[in-house]
Amino acid sequence: MYILSLYAIGALVASVIASPAPGISHVVHEKRNELPYGWTRRSEPSHRAVLPMRIALKQRNIDRGHEYLDEVSHPASAKYGQHWTAKEVAEMFAPSDDTINAVKEWLTSAGIAGERIKLAKSLNWLQFDASVEEAESLLKTKYHVYDHVASGQPHVACNQYSLPKHIREHVDFITPTVHFDAKLKAREETRLSKRRDNPGTGRGIGKPWDRGHGSYPKWGHWIDRNELINDLRNCSNQITPACLRALYQLPPGRSANPKNSYGIVEYTPQAYVPSDLDLFFANFSQTQVGDRPILDSIDGGVIQQVNMSFAYNGESDLDLEYAITLVYPQKVTLYQVGDIVEGASFNNFLDAIDGTYCTYESGDDPTQDGTYPDPKGGYQGPENCGGYTTTKVISTSYSYNEADLTALYEERQCSEYMKLGMMGVSVLYSSGDYGVAGNLGQCLDRAPNGTLVLNNGTDGYFNPSFPGSCPYITSVGATQVKNNIDITKALATGTQSEMACETIIYSGGGFSNVFPLPDYQASAVKDWFANYPPPYGSDRFNNSQQTRGFPDISANGANYAIAIDGKWALVYGTSASSPTTGSILTLINEARFNAGKGSIGFINPVLYANPDVLNDITEGGNQGCGTPGFGAAPGWDPVTGLGTPNYPKMLKLFSSLP
């Protein structure tokens, strides 16, 4: 990461900074009005310190990407299922020669010699090293060193930066600048959540989510082996694979088509324990004892076994125990991302499966993404760039607050999920576990200038998650079985056995402050506002009816029985809901591949056009920010989305499509 070069002595090269050409007018390109929660400004960096500058070039045709995605994803489209190849996607969105040349000319006119500027193989990024003095002159800004209060981790950033008017149209964003703490790494400053109540702590590696945020499973309690229940009358107390099969009418898998694939994404130091898988299989799927996921190690990703506690093993054990069991005999691919030292981000994962997203050589933004080879002694191989096969379904149980990152940064990443959808990949993200609040229950305040900033409490403006708010992924919320419900009787009588999760966690949901309302969702959102308006106004959430609502669907997220570190526990969270949903989609893909068809890809347009293939959830809410939150209601709602999967109906629908 670049902070290591910040104080390097002897390797700094002085440069002559050219004066800007007369008459060039600069405009603020990105601005951060408040520091992210947990950071404090410390000092000015040396003017001679070197920063690895990265310029995200504006991509051609990106404004039409949603049209291309809709063509292959909407059930009424004549091109449904005619997914693009990676090469076709890369060629469609590569920046124009005009964009590349304009930015290069600006840099050289500002004194950055042409031989210092490198263009990524994908053509999407320009990279060069610059002293702090050069960068400040180039971007009309002032850099400072910031410290993360909890961890002491330093970070270099600025409050805003400017670009010439004629250059802005060619640039998405530049790093390092206003972006803070987006790295998923094994240190306390990570902004990814996993849990609040840790029954054990690891030793050696820094605790990965002391400052955590997102959708990691939440601790319930330990249970004895003899307390495990396989009786479907008790699914309100414990969820097992048998409960999920009954709830969603899932048959056991019968084949493993080689064209089919399912991927679970985990970030080191989170790692599964092999003996835990066997303990789980021995109780719920005995023929699978000894089964393991296919490991795709990205940027040094390892199944670390040094730290053995819920904090380090809970997520991976949960995801893999249920996914591997539910899709058997189909195999599950584990994308293990990042080494123990450096960690990794969503962008490092995207790099590995899509070379068009990679920056030049050393990776993405070192201030936000893991840098490889690791400068701190971890993985010393090259950064993985486009070398991994993309599975047909990808489930991720990690998330940020939308307010953690800048809009331009999020829009760029969201576009990558759009491209994956165009290539026939279903991308799932958990919606969060704190209701209308953000990670760890954090809410927003409105600054004097009208912008929204993270506050230090659990009251205020509702705080949506990201990537859950991206319109090109499927956001998955959480439900629970109602108390004392016998789900077999409920199925026989047509009674709804589930409600929005209100035990330990609350299903993340709400409305984006960044992304517009997608066409496929417009009717559902407007119906909800018209028929079930919430008792809050614009002082609490974005009620414009013009922005993306989430989640899209939901699945059970309460009382999952998991084997963890040789024992048994009950856990909660949308991090359980997402891999369960991914398993269901994988079984549907299996049927389509066996019938000679392709993958289902981006599922949202199909589901919103056919909501009756889901089990509508109409009870429960997602409290947060000092309010009851939103309430589940007939049709789509910002608590459980369109509802939970009904496998037979979904299978029939998707099987009928070309």
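In this text the structure is predicted, and so the values were computed from the model without any measurement.

1. Some thoughts on the overall build of the protein chain
Tallying secondary structure elements over the protein chain gives 15 helices and 28 strands in all. Counting the 658 residues in the protein chain, one finds 63% classified as buried. A fraction of 79% describes how many contacts in the protein chain between residues 6 or more apart in sequence connect residues 24 or more apart.

2. Considerations on helix H10 (residues 407-422)
For H10, built from 16 residues, the straight-helix expectation of 22 Å at 1.5 Å per residue is met to within 8% by its first-to-last C-alpha distance of 22 Å. For H10, the tally of buried residues reaches 13 of 16 residues, placing the bulk of the element in the interior.

3. Some points on the state of the cysteines
For the coordinates displayed, the defined rule picks out three disulfides. Put simply, Cys414 and Cys470 are joined by a disulfide, and their sulfur atoms are 2.0 Å apart. Between Cys414 and Cys470 the disulfide shows an S-S torsion of about 80 degrees. By sign, it is right-handed. Here Cys414 is found in helix H10, whereas its partner Cys470 is found in the loop between strand S19 (465-466) and strand S20 (474-481), with 56 residues between them in sequence. Classification of Cys470 by relative accessible area gives buried; the value is 0%. The disulfide that involves Cys443 links it to Cys625, with 2.1 Å between the sulfurs.

4. Examining the sheet that holds strand S3 (residues 50-57)
One open sheet accounts for four strands, arranged S4-S5-S3-S9; its pairing is antiparallel. At either margin of the open sheet sits one strand with a lone partner, and together these are strand S4 (118-119) and strand S9 (171-175). Where S4 lies against strand S5 (residues 125-131), two bridges are found, and the strand directions are antiparallel. Note that in S5 the partner of Leu119 across the bridge is Leu126. On the sheet, helix H4 (residues 132-139) packs against S3, S5 and S9 and is oriented at approximately 120 degrees with respect to S5.

5. Here we look at the packing of aromatic side chains
Here a ring pair, both rings aromatic, is described through the centre-centre distance and the interplanar angle of the planes. Under the criterion given, the structure shown has 30 aromatic pairs. Ring geometry for Tyr267 and Tyr398: centres 5.0 Å apart, planes at 75 degrees, overall edge-to-face. Here the residue Tyr267 occupies a position in strand S11 (residues 262-267), and Tyr398 occupies one in the loop between strand S14 (393-396) and strand S15 (400-401), the gap between them amounting to 131 residues. Ring geometry for Tyr520 and Phe602: centres 5.7 Å apart, planes at 75 degrees, overall edge-to-face. Here Phe602 lies in the loop between helix H13 (574-594) and helix H14 (604-609) and Tyr520 lies in helix H12 (residues 519-531), a separation of 82 residues in the sequence. For the residue pair Tyr520 and Phe602, the accessibility class agrees, reading buried in each case. Within the aromatic cluster, the residues linked to one another by ring pairs are Phe462, Phe511, Trp528, Phe529, Tyr536, Phe541, Phe630 and Trp636.

6. Description of the UniProt feature "active site" (unreviewed entry) in the protein chain
UniProt tags Glu315, Asp319 and Ser575 as "active site" (unreviewed entry). For the residues just named, distributed over 261 residues, the greatest C-alpha separation is only 7.7 Å, placing them together at one site. Here Glu315 falls in the buried class, since its relative accessible area comes to 1%. Among the structural elements, Asp319 can be located in helix H8 (residues 310-327). Taking relative accessible area as the criterion, Asp319 reaches 2% and is therefore assigned buried. If sequence neighbours within four positions are ignored, Asp319 has contacts with Ile264, Glu266, Ser397, Ser575 and Pro579.

7. Focus: the side chain of Asp278
In this structure, Asp278 sits in helix H7 (residues 274-284). Since its relative accessible area comes to 19%, Asp278 is described here as buried. Within polar-contact distance, the side chain of Asp278 engages the side chain of Arg292 at 2.8 Å. Look past the residues within four positions of Asp278 in its chain and what remains in contact with it is Val289, Gly290, Asp291 and Arg292.

What counts, and at which threshold
- Sequence order sets the numbering: in each chain, residues are counted from 1 along the sequence as written.
- Whole-chain, interface and lining totals are the exception, using all residues; otherwise, since this is a predicted model, local features are given only for residues with pLDDT of at least 70 and side-chain atom pairs are given and counted only at 80 or more.
- Hydrogens and water molecules were not included; the side-chain quantities draw on all heavy atoms of the structure.
- Numbering goes from the N terminus for both helices and strands, where a helix is a DSSP run of H or I of at least four residues and a strand is a run of E of at least two.
- Categorising residues by exposure relies on relative accessible area from a 1.4 Å probe, with only protein chains included: less than 20% of the type maximum marks a residue as buried, more than 50% marks it as exposed, and the intermediate range marks it as partly exposed.
- The criterion used for residue contact is that any of the two residues' heavy atoms lie within 4.5 Å.
- A helix is expected to span 1.5 Å multiplied by its residue count minus one.
- Sulfur atoms of two cysteines make up a disulfide when they are within 2.5 Å.
- Criterion used throughout: strands pair if DSSP finds at least two bridges between them.
- Axes here refer to lines fitted to C-alpha atoms; in helices the fit is confined to the stretch in contact. Angles between the N-to-C directions go from 0 to 180 degrees.
- Between rings of Phe, Tyr and Trp, where Trp is taken as its six-membered ring, a pair exists when centres lie within 6.5 Å; planes separated by under 30 degrees are stacked, by over 60 edge-to-face, and by other angles tilted.
- UniProt positions are given in the numbering used here, feature names are shortened, and annotations may be inferred rather than shown by experiment.
- We call two N or O atoms a polar contact when they sit within 3.5 Å, provided that within protein one can donate a hydrogen and the other can accept it, with sequence-adjacent residues counted only if both atoms are side-chain atoms.

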